[in-house]
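# Descriptive structure summary
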Amino acid sequence: MTSSASPDTVLPAVDTNAVDDNDGDALAAAASGASLQRTVERSAELEKQISRDPSQFRVLTGDRPTGNLHIGHYFGTLANRVALQNRGVENFLIIADYQVIADRDGVGPLRERVLSGMANYLAVGMDPEKSTIFTHSAVPALNQLMLPFLSLVTDSELRRNPTVKAELEDTGGRPMSGLLLTYPVSQAADILFCKANLVPVGKDQLPHLEQARVIARRFDERYGRVNPSAPVFRAPEALLTGAALLLGTDGKKMSKSKGNTIEIGMDADTTAKRLKGAVTDADRFITYDPVNRPEVSNLVQLTALASGRDPHEIAESIGNGGGGALKKVATEAVNEHFAPIRARRAELEADPGYLQSVLAQGNERANAIAEETLNEVRSAMQMIYT
Ligand code: TRP
């Protein structure tokens, strides 16, 4: 970055071209090699700090309300959010409704999905007293951060973002919308508005987090002069979740559109049917070997996650029982694990008034915090005139 020497320049200029190449490469490299290794090590350190003093941390996580939450979401992230909350870390959970339209036409049955998402969150153990659950669209001051943030990134940097590229590919040939291109910036606003310093992510989301860190730093480089000892934003850190990636019942990526998911809210019979139809392989003897036998190992792993047992021990105990026995054990484990969650979920779904009130409370809290942050931003940018 370069600062203009001109005496009447009030604000330092940021040469986005000069910054861009280095930072752009850093973004692209965030999920690989030495950079990934550093993140892994740092995550272990953060875990220790969380245990020592959870009050130092504020976590933000988010989901797009594009469909029902499934057990891949549950074991991949929801359970971890609840665990962090119960360890005493303050949680923010954004239901990213605006993000739904980044890569598709129209919002779908959004209202239903948001309320059913709320029922899932609460049923799996998110506690509205400890966690702020809110919708993106209900927090105008958060969204307004997009404007200054957009001025801090370049289009080439966004185009090179690996997550944006991957999401564009997933749309199967749709042209890139402006919202898809800029959604890392919107996501930076989601994280920075509440000054979250911890974002639990999988490897694939690391470039986003890096983008948020870059934006926080550039903002303070450009406008933090008012009080350099107290930057407006703190750099959020990734907490890499070691969570196993569950595959769908066909052995491919679990995704609602493929009909290969088991939803959190599914009933026990439908769960059994889905698992009965799961793909296995020709070898009757059950082993846990994720590299060579992904489908069978996925069912073993699912059983392990749902029952808390060791996957090798599960495979051994089934041995020659074959795919049929494996599916039976998996079904029992999943249905047993989710029975209380499903019961609670049904109660919550029957009380939409309660779900709405929890959301209203979360939105109110998110708004109060967003307005405070936006005030600091406008004040740093000298945009408060009265
Ligand atoms: N992009 C995330 C998803 O597709 C949702 C999300 C929105 C998010 N804002 C966020 C995740 C901020 C982490 C931080 O599920």
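Just above sits the structure.
Bear in mind the structure is a predicted one, so any value in this text is a computation, not a measurement. (Residues numbered from 1 in each chain as written. Predicted model: local features only at pLDDT ≥ 70, side-chain atom pairs only at ≥ 80, totals over all residues. Heavy atoms only, no water.)

A word on the packing of helix H9 (residues 178-192) against helix H10 (residues 206-223). Relative orientation of the contacting elements H9 and H10 amounts to 70 degrees, with a least axis distance of 9 Å. The orientation of H9 with respect to H10, classified from their angle, is roughly perpendicular. Read as a crossing pair, H9 and H10 show a hand that is right-handed. Counting all contacts with H9, which are made through Tyr183, Pro184, Val185, Gln187, Ala188, Ile191 and Leu192, the residues of H10 involved are His208, Leu209, Gln211, Ala212, Ile215 and Ala216. (Axes fitted to C-alpha atoms, helices over the stretch in contact; angles between N-to-C directions. Helix = DSSP H or I, 4+ residues; strand = E, 2+ residues; numbered from the N terminus. Parallel < 35°, antiparallel > 145°, perpendicular 65-115°, else oblique. Left-handed = near helix turned anticlockwise from the far one by under 90°. Contact = heavy atoms within 4.5 Å.)

Let us now look at the nonpolar core. Among the nonpolar cores identified, the biggest contains 48 residues, and Ile71, Tyr74, Phe75, Tyr121, Ile133, Ile264 and Phe338 are the most heavily contacted of them. Of all the elements in the fold, those that place two or more residues in this core are helix H3 (71-86), strand S2 (90-95), helix H4 (110-124), helix H12 (294-307), helix H13 (311-318), helix H14 (322-349) and helix H15 (352-380). Ranked by residue count, the leading element in this core is H4, at nine residues. Two domains share this core, each providing at least three of its residues, namely domain 1 (22-243 + 366-380) and domain 2 (256-349). Sequence-distant contacts of Tyr74, defined by excluding residues within four places in its chain, comprise Ala79, Val124, Ile264, His337, Phe338 and Ile341. Counting 44 residues, the second-largest nonpolar core is a separate cluster that includes Ala141, Phe193, Leu209 and Ala370. (Core = buried A, V, L, I, M, F, W, Y, C linked by side-chain atoms within 4.5 Å. Buried < 20%, exposed > 50% of the residue type's maximum accessible area, 1.4 Å probe, protein only. Domains from an automatic or database assignment.)

These results come straight from atomic positions and should not be treated as a statement about function.
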